[in-house]
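# Notes for the structure review
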Amino acid sequence: MLLLAIFGSPRKDGNTDLMMASFLDGAMSATDVELERIYVRDLRISGCQSCGYCDEHGVCIQQDDMQKVYPLMDRADRIVIASPIYFYALAGQTKLLVDRSQAPYMRKYKRKAEDLAPITPPDRKGFFLCAGATRGKRLFDCPALTVRYFFDAIDVEYSGELFFRQLDEKGAVRSHPTALEECRQAGVAFVST
């Protein structure tokens with residue numbers, strides 16, 4: 001099983017990085033898992049140009065670091081994405097990766113129209129980890145919806161989430177009474193189903 005971990009925070013060793021680390025500790029302890037990590041903050045990803053090239057060809061015309069990401073997204077059996085909240089949305093770098101997933105989405109429909117089999121593994125599952133600084137009642141609504149559609153676009157079933165409020169300062173998640181253990185347990189369950 002290939003588990004792809006997408007670290008979506010621009011802040012190294014911040015709260016969502018720590019949440020992801022605990023999640024991956026759990027996942028790696030549970031079963032034989034091949035792990036690939038993507039640190040979006042280290043990638044050069046341009047925004048979607050809405051040029052329509054992927055509509056016609058099923059691939060993105062832009063030559064940037066997404067060309068390294070696409071094959072990993074295609075091969076992964078499980079994908080976990082972690083992002084902090086910025087203005088009630090995903091971090092900008094993470095949103096660029098999501099936006100650029102239009103190419104695999106279009107490829108999926110081109111292959112279906114041509115009666116070709118999908119190139120992704122069957123029964124793929126996805127998980128979303130997120131932390132935000134405020135107590136807002138609807139703090140996670142927008143990013144959760146975005147990640148649901150991202151997973152749908154790349155043929156991944158949205159199968160779980162963990163959200164934690166009032167985590168702002170770097171490392172604040174360490175003081176939360178249950179967050180990191182919840183992440184670890186979620187990692188175990190995620191690769192065991």
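To be clear, the structure that these remarks concern was listed above.
Here's what I pulled together on the structure shown here. (Residues numbered from 1 in each chain as written. Predicted model: local features only at pLDDT ≥ 70, side-chain atom pairs only at ≥ 80, totals over all residues. Heavy atoms only, no water.)

In this structure, Arg78 sits in strand 3 (residues 78-86). As a buried residue without a salt bridge, Arg78 has its nearest oppositely charged side chain in Asp77, at a separation of 5.8 Å. For Arg78, the side chain forms a polar contact with the main-chain oxygen of Phe190, separated by 3.3 Å. At a separation of 2.7 Å, a polar atom in the side chain of Arg78 contacts the main-chain carbonyl oxygen of Thr193. (Helix = DSSP H or I, 4+ residues; strand = E, 2+ residues; numbered from the N terminus. Buried < 20%, exposed > 50% of the residue type's maximum accessible area, 1.4 Å probe, protein only. Lys, Arg positive; Asp, Glu negative; His and termini not counted. Salt bridge = Lys/Arg side-chain N within 4 Å of Asp/Glu carboxyl O. Polar contact = N/O pair within 3.5 Å; in protein donor to acceptor, adjacent residues only side chain to side chain.)

Turning next to the nonpolar core. Leu4, Ile6, Met73, Ile79, Leu97, Phe150 and Phe151 are the most contacted members of the largest nonpolar core, which has 33 residues in total. Secondary-structure elements contributing two or more residues to this core are strand 1 (2-7), helix 3 (66-75), strand 3, helix 4 (92-99), helix 5 (102-113), strand 5 (125-131) and helix 6 (141-153). In terms of residues, this core owes the most to one element, helix 3, which gives five residues. In this structure, Leu18, Val80, Ala82 and Cys183 belong to the second largest nonpolar core, which totals 25 residues. (Core = buried A, V, L, I, M, F, W, Y, C linked by side-chain atoms within 4.5 Å.)

A separate point is helix 3. Buried within helix 3 are the following residues: Met66, Val69, Tyr70, Leu72, Met73 and Asp74. Looking at the buried positions of helix 3, the neighbouring elements they touch are strand 1, strand 2 (34-39), strand 3, helix 4, helix 5 and helix 6. (Contact = heavy atoms within 4.5 Å.)

All right, on to the environment of Ser22 then. Take Ser22: it is sitting in helix 1 (residues 15-30). What makes Ser22 buried here is its relative accessible area of 13%. The spatial distance from the C-alpha of Ser22 to the C-alpha of Asp65 is 26 Å, given a sequence separation of 43 residues.

Moving on, we come to unusual backbone geometry. Although it is not a glycine, Phe87 adopts a positive phi angle of roughly 50°. Note on placement: Phe87 falls in the loop between strand 3 and strand 4 (89-90). Using a relative accessible area of 85% as the deciding quantity, one classes Phe87 as exposed.

Take helix 6 next. Taking 1.5 Å of rise per residue, 13 residues should cover 18 Å, and helix 6 covers 18 Å from first to last C-alpha, within 8% of that figure. All of the buried residues along helix 6 are Pro143, Ala144, Thr146, Val147, Phe150, Phe151 and Ala153. (Expected span 1.5 Å × (residues − 1).)

Here we come to the state of the cysteines. Scanning the model with the defined rule gives zero disulfides in all. For the unlinked cysteine Cys48, the closest cysteine sulfur is that of Cys54, found at 6.4 Å. Using a relative accessible area of 43% as the deciding quantity, one classes Cys48 as partly exposed. Its sulfur unpaired, Cys183 is 11 Å from the next cysteine sulfur, which belongs to Cys130. Residue classification places Cys183 among the buried residues on the basis of a relative accessible area of 0%. (Disulfide = S-S within 2.5 Å.)

Such coordinate-based values are descriptive only and should not be taken to indicate function.
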